[in-house]
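Coordinates in review
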Amino acid sequence: MIVPFALMIGLFMLFLDLKHKLWFWQLYTTVRYESPMSWGAWVLMAITPLSILWAASYIRELYPKWNWKFSILKKLEKWVIANRKLIAWPMGVLGVILGIYTGILLSAFNARPLWNTSILGPLFLVSGMSTGAASIMLMSKDHKERKIIGRIDILLIVIELFFIVHLLMGFLAGSEVQISAANLFLGGKFTAPFFAFVVILGLIFPAILEAMELKGFKVPVLIPAALILIGGLIFRFLMVEAGQITRYLY
Amino acid sequence: MKKIKKDGSTYLNPYLGGFMLGVVLLLTFYISGRGLGASGAVKNTVAAAVNTVAPQHVENNAYYCQFAGGDKKPLSNWLVYEVLGVLAGAFLSGILFNRLKLKVEHSPKITSRRRLLFALAGGLLFGFGTQMARGCTSGAALSGMAVLSFGGYITMIAIFGTAFVAAWVFRKNWI
């Protein structure tokens, strides 16, 4: 139920960020396979109505008294409920593209050494999936569901840590500008917040808590989930902030 | 080694706990090159908060000026991160020893409100005292004594000596 609203708020923020706001529609006059921005714009265009449909088909389950009023809406609801799998598949695929495109968009900035790495896309995707899993855990009332998602989340965190290590290793094996980009996180300005808030409190610690919960210890779900969400947010802030500092020419 | 209480919660042997605290202190010196501390983190957080809300006040205040204002970054301090780690570690220990509950621990003879008020008053006094003495139990006494600083011993004696007397005065709150 939250997803369509989150998408719309996010889209509105993107819109506010534009310099020529009234020309945003021009994104939709062209399809360019080589432009991550075009991919993102089109995927958002497709996934937003789909997610609205999806959420709307559950409204009557949540509020049994809800009335759609028009017969065409009732028919639509019936069709959606009957064809949920048909909608879920494209939504899943589009969701992956949506999750990965922000990272790829940043990595397309070839003047920013910290962003200019192909691992950023998958890293952002996994971090997005992990924070998504955390929000499901936060909202889910079903203990079994929470356990499964928690297990998936541990795996996602491990993958994310692997990607982060890889990212830094890749930089260190690169040219001088890339090494200095990595050094922002390895002794430089962003080292303490990155390792304290993202790596330890945002990934390792919640993973330990989730693992302990699976082992049978009582852990309030709020703590690991909130830590993952905050860590994911700080991670994005740091990456965007640090990326703008790195450059080729000094 | 473990002491099991009625509600299933357990406590670590205090001697083992003390030994582990010593090991932590040793590791802290080894890893960070500085001692432990707690009040410093609170102090820097307060200074950072004041600097955000009223930077003018910080500049006019000789005390705040030591930590915040200008190019100083009060939150970029080892103690702030250390205290975050202490919170995380305490949380972990609460889970491990089955003591993770929201509750106010107090004597059955007094109310939670009274306990909280006294704790707040004590905390305020202690915070004030630490700033006069340039450190708290961990920052001045523990870390100070570990490097054989004379001030550390005096702080330890003063804190625990005063606590002994104050505990007798306020004993009705507990027994």
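Residues numbered from 1 in each chain as written. Chains lettered and ligands numbered in written order. Predicted model: local features only at pLDDT ≥ 70, side-chain atom pairs only at ≥ 80, totals over all residues.

**Examining the overall build of chain B**
Quick reminder of the rule: Each helix corresponds to a stretch of at least 4 residues labelled H or I by DSSP, and each strand to a stretch of at least 2 residues labelled E; elements are numbered beginning at the N terminus. Contacts are defined on C-beta atoms placed from the backbone: any two residues whose C-beta positions lie within 7 Å are in contact.
Scanning chain B for helices and strands turns up eight helices and two strands. Secondary structure elements in chain B, listed N-terminal to C-terminal, are β-β-α-α-α-α-α-α-α-α. In terms of principal-axis extent, the alpha carbons of chain B reach across some 55 × 40 × 35 Å. Within chain B, residue pairs in contact and separated by at least 24 positions form 50% of the contacts whose partners lie at least 6 positions apart.

**A short note on helix α4 (residues 71-82) of chain A**
The α-helix winds at 3.6 residues per turn, so residues separated by three or four positions along the chain end up facing the same way. Convention followed: In this scheme, a helix's expected span is set at 1.5 Å multiplied by one less than its residue total. To assign burial, the other C-beta atoms lying within 10 Å of each residue's own C-beta are counted, with C-beta atoms placed from the backbone; 20 or more indicates buried, 12 or fewer indicates exposed, and intermediate counts indicate partly exposed.
End to end, α4(A) covers 17 Å across 12 residues, agreeing with the expected 16 Å (1.5 Å per residue, within 8%). Taken across its 12 residues, α4(A) has zero buried, putting it largely on the surface.

**Observations regarding the interface of chain A and chain B**
Test applied: Following the grouping adopted for this structure description, the nonpolar residues are Ala, Val, Leu, Ile, Met, Phe, Trp, Tyr, Cys and Pro, the charged ones are Asp, Glu, Lys and Arg, and the polar ones are all others, Gly among them.
Counting residues at the interface gives nine residues for chain A, matched by seven residues for chain B. Broken down by element, the residue count for the side of chain A that touches chain B peaks at five residues, all from helix α9 (residues 191-214) of chain A. By residue class, the composition of the side of chain A that touches chain B is eight nonpolar, no polar and one charged.

**Re the nonpolar core**
Most often, soluble globular proteins keep nonpolar side chains buried together rather than apart. Residue and element names in this part refer to chain A. Quick reminder of the rule: Throughout this description, the term nonpolar core refers to a group of buried Ala, Val, Leu, Ile, Met, Phe, Trp, Tyr and Cys residues whose C-beta atoms join them within 7 Å.
Formed by 42 residues in total, the largest nonpolar core has its most connected members in L123 and A133. For this core, the elements supplying multiple residues, two or more each, are α5 (84-107), α6 (120-139), α7 (143-172), α8 (176-183), α9 and α10 (222-245). Not counting the four nearest positions on each side in its chain, A133 is found in contact with I149, I152, D153 and L156.

**What to know about the packing of helix α7 (residues 137-146) of chain B against helix α8 (residues 150-169) of chain B**
Residue and element names in this part refer to chain B. What counts, and what does not: Angles here are taken between N-to-C directions and fall from 0 to 180 degrees, while the axes themselves are lines fitted to C-alpha atoms, restricted in helices to the stretch in contact. Each angle gets one of four labels, with under 35 degrees taken as roughly parallel, over 145 as roughly antiparallel, 65 to 115 as roughly perpendicular, and the rest as oblique. Crossing handedness: left-handed means the near helix sits turned counterclockwise from the far one by under a right angle, and right-handed means the same turn made clockwise.
Contact geometry for α7 and α8: axes closest at 7 Å, N-to-C directions at 130 degrees. Comparing their axes, α8 and α7 come out oblique. With respect to the hand of their crossing, α7 and α8 are arranged in left-handed fashion. Here T137, A140, A141, G144 and M145 of α7 come into contact with α8, specifically with G151, G152, Y153, T155, M156 and I159. Tallied by class, residues from the contact of α7 with α8 come to six nonpolar, five polar and no charged.

**Structural notes on the domain arrangement of chain B**
Residues and elements named next belong to chain B. The condition that has to hold: A domain assignment, automatic or from a database, supplies the domain bounds used here.
Splitting chain B by domain gives domain 1 (1-101) and domain 2 (105-175). Between domain 1 and domain 2, the C-alpha centre-to-centre distance is 16 Å. With nine residues of domain 1 at the interface, the matching set in domain 2 holds 10 residues. Broken down by element, the residue count for the side of domain 1 that touches domain 2 peaks at four residues, all from helix α2 (residues 39-53). The residue inventory of the side of domain 1 that touches domain 2, partitioned by class, reads four nonpolar, four polar and one charged.

**Section: the environment of A:I230**
All names here are of chain A. Examined against the element boundaries, I230 turns out to sit in helix α10. By the C-beta count within 10 Å, which is 17 here, I230 ends up partly exposed. Between the C-alpha atom of I230 and that of F197, which follows or precedes it by 33 residues, the distance is 8.2 Å.

**Some points on the domain arrangement of chain A**
Here chain A is partitioned into domain 1 (1-108) and domain 2 (113-250). In terms of residue class, the side of domain 1 of chain A that touches domain 2 of chain A is built from four nonpolar, four polar and no charged.

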